[in-house]
Amino acid sequence: MKFISIDKNDWTRGIDKSREKYQLFGPVKDENGCLIKKLEPDVQPDMGLHESVMSAKSVVFPQTEKILNASLDESIENHHIMQRAKTDYSPRAVLGIRPYDAKAMELVKLNFDTKDFKDPYWCDAYEATVFVGLGITKPGPFDFSTSVGTGPFCEDGLDVLLADLDDTYLAKILSPKGEAYTAACGFNAIVDEKESQALFDILRKEAEKNIVSQVKIDKLKEKTILELHEADFWDDIAFACINCGTCTYVCPTCWCFDIQDETKQKQATRFRNWDTCMSPLFTRHATGHNPRGTKVQRVRQRFMHKLKYFLDKYDQGIMCVGCGRCVKSCPVNIDIREVCHMMNSYEKQD
Ligand code: SF4
Ligand code: SF4
């Protein structure tokens, strides 16, 4: 494994150099808090911001995305035939993300990039993206990442992992994409592998010690879907929910979307927009029937999907990286850690 030392005095110059080949995204603070945004040429990532309200999900899966176009002009060849919309999939790097947000991409990949089906929009954007994470040295109070198999220095899904050493960044290069990106920045001060790994291990252990929040997921697998579905706690959990959808929009692993067609004069466009299983409209059929018409059905679906269906289907843990964003953002304090505890410890009463 290769490690590079980056003097912070060279950081801005280096990432500016990389703009010749890469579009850049990174943490920026605005009136809504810290968001991961496209960095225009005069904007630098704010590497001091660990608590991004939103993850890097939108870099690969935009909130609104044109996917197909058709001309309605009958004088044009191929009119009324949908064609894939032109999208820029040139290389992009997303800098300074929380490490487990890249792990979240790997979980989402299980849905969008399968043996039988590939979502071309998501796959092309994912392929074009380099993920540069920054190890979290001071985890927040909502972070329960270590108990779900990720953590503040999790490397899964990352191309480069940075550790902040005050005057320098120590960069661990994790993939050929990461290698190409650091080369494009001109970062090439290779340092000793053994010493660097030892330093990473110390920082990781220190950070992990500060994570006090945990969930237990060890018994979820052995429960049957039916017993959890029929458990008596769902009404209580759902009672306060206002179906705002915030928990799903901030979640790096939520992938629900809706398709909408719009026409403007002779041009038709098909869009894909983020949607949420918490909205009654999400499942309402054209007939008016809604298989998840009540709030309790929708709340149950969100937690059953994350903590049971996903676990059973893929056998790769739960559909949650423990970032705590949904806990922090829910206006009525519905807490996935508590729901997970209820599900994991549930015993059906005869
Ligand atoms: S953020 Fe809270 S209130 Fe809003 S939909 Fe999610 S659980 Fe319900
Ligand atoms: S803590 Fe909440 S927002 Fe974060 S990954 Fe888990 S479900 Fe999603």
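Residues numbered from 1 in each chain as written. Chains lettered and ligands numbered in written order. Predicted model: local features only at pLDDT ≥ 70, side-chain atom pairs only at ≥ 80, totals over all residues. Heavy atoms only, no water.

1. As for the domain arrangement of the protein chain
Step number 1: For the protein chain, the assigned domains read domain 1 (2-61 + 86-209) and domain 2 (225-257 + 275-344).
Step number 2: Averaged C-alpha coordinates put domain 1 and domain 2 at centres separated by 28 Å.
Step number 3: If you look at the interface, domain 1 gives 24 residues, while domain 2 gives 25 residues.
Step number 4: Interface area, domain 1 with domain 2, both sides summed: about 2,200 Å², of which 65% is carbon and sulfur.
Step number 5: Sorting the residues of domain 1 by area buried against domain 2 places Leu107, Phe142 and Phe144 first, and these three jointly supply 29% of that buried surface.
Step number 6: The interface formed by domain 1 and domain 2 includes one salt bridge.
Step number 7: Across the pair Arg325 and Asp101 runs a salt bridge, and its minimum N-O distance is 2.7 Å.
Step number 8: Joining domain 1 to domain 2, the criterion identifies eleven residue pairs in polar contact (both at pLDDT 80 or more).
Step number 9: When residues of the side of domain 1 that touches domain 2 are assigned to their parent elements, the largest contribution, nine residues, is made by helix α3 (residues 99-112).
Step number 10: Looking at the side of domain 1 that touches domain 2 residue by residue, the class counts come to 13 nonpolar, five polar and six charged. (Domains from an automatic or database assignment. Contact = heavy atoms within 4.5 Å. Buried area = accessible area lost by both parts, 1.4 Å probe. Salt bridge = Lys/Arg side-chain N within 4 Å of Asp/Glu carboxyl O. Polar contact = N/O pair within 3.5 Å; in protein donor to acceptor, adjacent residues only side chain to side chain. Helix = DSSP H or I, 4+ residues; strand = E, 2+ residues; numbered from the N terminus. Nonpolar A, V, L, I, M, F, W, Y, C, P; charged D, E, K, R; others polar.)

2. Here we look at the site of ligand 1
Step number 1: Close to ligand 1 lie 13 residues, the nearest being Cys241, Cys244, Gly245, Cys247 and Cys330.
Step number 2: Looking at side-chain class alone, the shell around ligand 1 contains nine nonpolar, three polar and one charged residues. (Near = heavy atom within 4 Å.)

3. Comments concerning the sheet that holds strand β11 (residues 257-264)
Step number 1: Spatially, β5-β4-β12-β11 is the arrangement adopted by the four strands of the open sheet, whose pairing is antiparallel. Single-partner strands in this sheet number two, and they are β5 (83-84) and β11. (Pairing = 2+ DSSP bridges.)

4. Considerations on the pattern of salt bridges
Step number 1: The final tally for this structure, using the stated rule, is 23 salt bridges.
Step number 2: Salt bridges linked by common partners bring Glu65, Asp119 and Arg272 together as one network.

5. Overview of the site of ligand 2
Step number 1: If you check the shell around ligand 2, you find Phe144, Cys251, Pro252, Lys306, Cys320, Val321, Gly322, Cys323, Gly324, Arg325, Cys326 and Ile336 and nothing else.
Step number 2: Class assignment of the residues belonging to the shell around ligand 2 gives a composition of eight nonpolar, two polar and two charged.

6. Here we look at the sheet that holds strand β6 (residues 92-97)
Step number 1: Spatial strand order, β3-β2-β6-β7-β8-β9-β1-β10: eight strands in an open sheet with mixed pairing. Whereas interior strands pair on both sides, the edge strands pair on one side only; in this sheet they are β3 (33-38) and β10 (190-191).
Step number 2: In terms of strand pairing, β6 meets strand β7 (residues 129-134) through five bridges, oriented parallel. Within β7, the residue paired with Arg92 across the bridge is Thr129.
Step number 3: The strands touched by helix α5 (residues 176-185) within the sheet are β1 (2-7), β2 (23-30), β6, β7, β8 (160-165) and β9 (168-173), with β7 carrying the most contacts at an inclination of about 80 degrees. (Axes fitted to C-alpha atoms, helices over the stretch in contact; angles between N-to-C directions.)

7. Some thoughts on the pairing of β3
Step number 1: By the bridge criterion, six bridges tie β2 to β3 in an arrangement that is antiparallel. Looking at the pairing, Val28 lines up with Leu35 of β3.
Step number 2: Hairpin geometry of β2 and β3 is characterised by an intervening segment of two residues between the two adjacent antiparallel strands.

8. Describing the nonpolar core
Step number 1: In terms of nonpolar packing, the biggest core is built from 41 residues, with Val94, Ile97, Trp122 and Phe131 touching the most fellow members.
Step number 2: Listed by contribution, the elements that provide at least two residues to this core are β3, α2 (57-60), β6, α3, α4 (120-128), β8, α6 (193-209) and α10 (295-314).
Step number 3: If one sorts the elements of this core by residue count, α3 sits on top with eight residues.
Step number 4: Residue assignment places this core across two domains, with domain 1 (2-61 + 86-209) and domain 2 (225-257 + 275-344) each supplying three or more.
Step number 5: Beyond its immediate chain neighbours, meaning those up to four positions away, Phe131 contacts Val60, Val94, Ile97, Ala102, Met105, Tyr126, Gly157, Leu158, Asp159 and Val160.
Step number 6: In terms of nonpolar packing, the next biggest core, distinct from the first, is built from 30 residues, Val148, Ala238, Leu311 and Ile334 among them. (Core = buried A, V, L, I, M, F, W, Y, C linked by side-chain atoms within 4.5 Å. Buried < 20%, exposed > 50% of the residue type's maximum accessible area, 1.4 Å probe, protein only.)

9. Description of the packing of aromatic side chains
Step number 1: A complete count under the given rule lists 18 aromatic pairs for this structure.
Step number 2: Put simply, the rings of Phe61, Phe112, Trp122, Tyr126, Phe131, Tyr249, Trp255, Phe257, Trp274, Phe310 and Tyr314 pair up and form one aromatic cluster.
Step number 3: The ring of Trp274 has Lys57 lying over it, and the distance from NZ or CZ to the ring centre is 4.4 Å.
Step number 4: Looking at Lys172, its charged tip hangs above the ring of Phe200, at a distance of 6.0 Å from the centre. (Phe/Tyr/Trp six-rings, centres within 6.5 Å; stacked < 30°, edge-to-face > 60°. Lys NZ or Arg CZ within 6 Å of the ring centre and 35° of its normal.)

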